[in-house]
Amino acid sequence: MTIDMRMTRQLPALPEEVFDAYTDAEKQKIWFGILDTEPGIVEIDVDLRVGGQQTAVWGPSPDMLFRETQTFLEIDRPHRLVTESTGSGPDGATMTTRIEVTFEERDGGTLMTVVQSGFPTPELRDFFVGEVMPGAFDRIEAYLVREQGRERSRG
């Protein structure tokens, strides 16, 4: 039996915009820290192709870094993305999971759904449900809202 989580969020942008915010390294560098009062370390590289990888390193200081490497298994822009993710924390603990993200146009925006499977413990899954994914969704949403405000001020 695998330990999975499924979370959704309605986001205020079209699927193409949400997909690009989620997969573009420069956009990720912005939203990773968009809600932080003190910016930490954020380094992201993306090779968006099947078999390519995304590598992210982030944290408050050089001795407190998290790392995640995702290998792209399926890419159907702007509808679906499937990766295998291996992450590690400052304590050296590692975890490998499978992540499927879908981007569905709904009510003038996008319903983003993340299904992550293969958690080693229910407690770790619950941490992702309670902290990690809501934080990521909040950051992506803040980025999209900010970008829409910029578009309106230019238009």
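It should be emphasised that the depicted structure is a prediction, and the values quoted were computed from it without experimental measurement.

Rules used throughout
Residues numbered from 1 in each chain as written. Predicted model: local features only at pLDDT ≥ 70, side-chain atom pairs only at ≥ 80, totals over all residues. Heavy atoms only, no water. Helix = DSSP H or I, 4+ residues; strand = E, 2+ residues; numbered from the N terminus. Buried < 20%, exposed > 50% of the residue type's maximum accessible area, 1.4 Å probe, protein only. Phe/Tyr/Trp six-rings, centres within 6.5 Å; stacked < 30°, edge-to-face > 60°. Core = buried A, V, L, I, M, F, W, Y, C linked by side-chain atoms within 4.5 Å. Contact = heavy atoms within 4.5 Å. Polar contact = N/O pair within 3.5 Å; in protein donor to acceptor, adjacent residues only side chain to side chain. Pairing = 2+ DSSP bridges. Axes fitted to C-alpha atoms, helices over the stretch in contact; angles between N-to-C directions. Parallel < 35°, antiparallel > 145°, perpendicular 65-115°, else oblique. Nonpolar A, V, L, I, M, F, W, Y, C, P; charged D, E, K, R; others polar.

**A word on unusual backbone geometry**
Excluding glycine, most residues fall at negative phi; most peptide bonds, likewise, are trans.
Okay, step 1: Cis geometry marks the peptide bond from Arg 77 to Pro 78; its omega dihedral reads 0 degrees.
Okay, step 2: Within the element layout of this structure, Pro 78 appears in the loop between β4 (66–76) and β5 (80–88).
Okay, step 3: Positive phi values are uncommon outside glycine, yet Asp 107 reaches one of about 50 degrees.
Okay, step 4: Inspection of the secondary structure assignment puts Asp 107 in the loop between β6 (94–106) and β7 (109–119).
Okay, step 5: On the accessibility criterion, Asp 107 (74% relative accessible area) is exposed.

**Structural notes on the packing of aromatic side chains**
Okay, step 1: Taken as a whole and assessed by the stated rule, the structure comprises 7 aromatic pairs.
Okay, step 2: Summarising the aromatic geometry, the rings of Phe 32 and Trp 58 are spaced 5.3 Å apart at their centres and angled 65 degrees between planes, so their arrangement reads as edge-to-face. Of the two residues, Phe 32 sits in helix α2 (residues 25–32) while Trp 58 sits in strand β3 (residues 53–59), which places them 26 residues apart along the sequence.
Okay, step 3: Judged by relative accessible area, which is 17%, Phe 32 ranks as buried.

**Some thoughts on the nonpolar core**
Taken as a class, soluble globular proteins show a tendency for nonpolar side chains to be buried jointly.
Okay, step 1: Counting 30 residues, the largest nonpolar core has Tyr 22, Phe 103, Met 112, Val 114 and Leu 144 as its most contacted members.
Okay, step 2: Elements with a contribution of two residues or more to this core: β1 (3–11), α1 (15–23), α2, β6, β7 and α3 (122–154).
Okay, step 3: Ignoring sequence-local partners within four residues, the contact set of Leu 144 consists of Leu 11, Ala 13, Glu 17, Val 18 and Ala 21.

**So, the environment of Asp 76**
Okay, step 1: Along the polypeptide, Asp 76 turns up in strand β4.
Okay, step 2: Asp 76 sits in the partly exposed class, given a relative accessible area of 41%.
Okay, step 3: In the structure, Asp 76 is positioned 26 residues away from Thr 102 in sequence and 9.3 Å away in space, judged by C-alpha atoms.

**Here we look at the environment of Asp 63**
Okay, step 1: Relative to the helices and strands, Asp 63 is located in the loop between β3 and β4.
Okay, step 2: Asp 63 gets classed as exposed once you look at its relative accessible area, which sits at 61%.
Okay, step 3: Sequence separation between Asp 63 and Asp 91 is 28 residues; the distance between their C-alpha atoms is 9.9 Å.
Okay, step 4: For Asp 63, the side chain forms a polar contact with the side chain of Ser 61, separated by 2.5 Å.

**Description of the sheet that holds β7**
Okay, step 1: One open sheet accounts for 7 strands, arranged β1-β7-β6-β5-β4-β3-β2; its pairing is antiparallel. Each edge of the sheet is formed by a strand with only one pairing partner; in this case those strands are β1 and β2 (41–46). Adjacent strand axes in the sheet meet at a mean angle of 20 degrees when their direction is disregarded.
Okay, step 2: Summarising the sheet, β4 and β5 pair through 9 bridges and their orientation is antiparallel. When the sheet's bridge partners are listed, Ile 75 is paired in β5 with Leu 81.
Okay, step 3: Along the sheet face, α2 touches β2 and β3 and points at about 155 degrees away from the line of β2.

**A word on the packing of α1 against α2**
Okay, step 1: Closest axis-to-axis distance for the α1/α2 pair is 6 Å, and the angle between their directions is 80 degrees. Between α1 and α2, the interaxial angle falls into the category roughly perpendicular. Side by side, α1 and α2 meet where Asp 20, Ala 21, Tyr 22 and Thr 23 of the first sit next to Ala 25, Lys 27, Gln 28 and Trp 31 of the second.
Okay, step 2: Broken down by class, the residue content of the contact of α1 with α2 amounts to 4 nonpolar, 2 polar and 2 charged.

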